[in-house]
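# Chains, contacts and geometry: an overview
Spelled out, the chains give:
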Amino acid sequence: MIYLISSLFYILSFSILADEHISLSLLNSELKKNYAFTERSLNQSDLKIESSSGNIFFDPNGITVNVLSPFEENYRVEGDFLEIYDVFLDQKQTINIREANIFFLDLLINGIDKNSSEYKVNQTHNSVIEIIPNDGSASIKFFFIDKSLNLIRYKDSIGIEHGIELSPI
């Protein structure tokens, strides 16, 4: 009887732990969902926290990011181009993504491949996947709660720390 109960406990605990493990396919799937976001950034030099919020929409042709506050801006990624539209100033700018070489944007567009030669994938906990670029730049961490992507943290090229909280739409 004790053996049966301990075996049942072992099987249940194993299935619970296995259920918590996050895969790259789940991460890639979660990166293609539509989200409302709140982004907070910390500039270490002046210890100032700034915040913005908006929405991220994916469609078969690209990605649209609408920043709603503090300033209204729209970003559209389609093909090799990123179009930036400042609503308040009514100004548009187009950037070639390949020339800009934005690592974070590359991950969103192309997904994450565990066999990539450009970065290493590290699962630090069952609910955290870290992408570590080979060029020595800062890593990007993806945090999950109940198999849903909840937070992305990274440090940009000028040393500002970013945290993007996501809520599915």
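Right, let's walk through the structure included here.

Criteria and cut-off values
Residues numbered from 1 in each chain as written. Predicted model: local features only at pLDDT ≥ 70, side-chain atom pairs only at ≥ 80, totals over all residues. Heavy atoms only, no water. Helix = DSSP H or I, 4+ residues; strand = E, 2+ residues; numbered from the N terminus. Buried < 20%, exposed > 50% of the residue type's maximum accessible area, 1.4 Å probe, protein only. Contact = heavy atoms within 4.5 Å. 1 Å grid on protein atoms, 1.4 Å probe; cavity = no way out; pocket = protein on both sides within 12 Å on 5 of 7 lines; lining within 4 Å. Points joined across faces, edges and corners; volume = space filled by probe spheres on them. Nonpolar A, V, L, I, M, F, W, Y, C, P; charged D, E, K, R; others polar. Pairing = 2+ DSSP bridges. Polar contact = N/O pair within 3.5 Å; in protein donor to acceptor, adjacent residues only side chain to side chain. Axes fitted to C-alpha atoms, helices over the stretch in contact; angles between N-to-C directions.

Each helix and strand counted, the protein has four helices and eleven strands in total. Counting the 169 residues in the protein, one finds 30% classified as buried. For the protein, contacts bridging at least 24 residues in sequence account for 33% of all contacts bridging at least 6.

Let us look at the layout of surface pockets. Taken as a whole, the largest pocket encloses approximately 1,500 Å³ of empty space. Taken together, 43 residues make up the lining of the largest pocket; nearest its centre are Ile102, Phe104, Tyr154, His162 and Ile164. Put simply, the parts of the chain that give the lining of the largest pocket at least two residues each are strand S1 (35–43), strand S2 (48–59), strand S3 (62–69), strand S4 (73–78), helix H4 (103–110), strand S10 (148–155) and strand S11 (160–168). Classifying every residue of the lining of the largest pocket gives 27 nonpolar, eight polar and eight charged. Together, 15 residues line the second largest pocket, and Arg153, Tyr154, Glu161, His162 and Gly163 are the ones closest to its centre. Among the elements of the structure, S1, S10 and S11 are those that each provide at least two residues to the lining of the second largest pocket. In terms of residue class, the lining of the second largest pocket is made up of five nonpolar, four polar and six charged.

It is worth spelling out the pairing of strand S7 (residues 119–125) at this point. Direction of pairing for S7 relative to strand S8 (residues 128–133): antiparallel, over a ladder of six bridges. Residue Asn122 lies in a different strand from S8, and its bridge partner there is Glu130. As consecutive antiparallel partners, S7 and S8 are separated by two residues.

Mapped onto the secondary structure, Thr64 falls in strand S3. Classification of Thr64 as buried rests on a relative accessible area of 18%. A distance of 2.8 Å separates the side chain of Thr64 from the side chain of Arg76, its partner in a polar contact. With residues near it in sequence (within four places) discarded, Thr64 still touches Asn55, Ile56, Phe57, Asp59, Tyr75 and Arg76.

Within the span of H4, buried status applies to Phe103, Phe104, Leu105, Leu107 and Leu108. Once H4 ends, the next one or two residues include Gly111, with phi positive near 80°.

This part is about the sheet that holds S8. The eleven strands are arranged S6-S5-S4-S3-S2-S1-S11-S10-S9-S8-S7 in an open sheet whose pairing can be described as antiparallel. If you trace the sheet from one side to the other, it starts and ends with strand S6 (91–96) and S7, each paired once. Here the strands of the sheet are splayed against their neighbours by 20° on average, with no regard to which way each runs.

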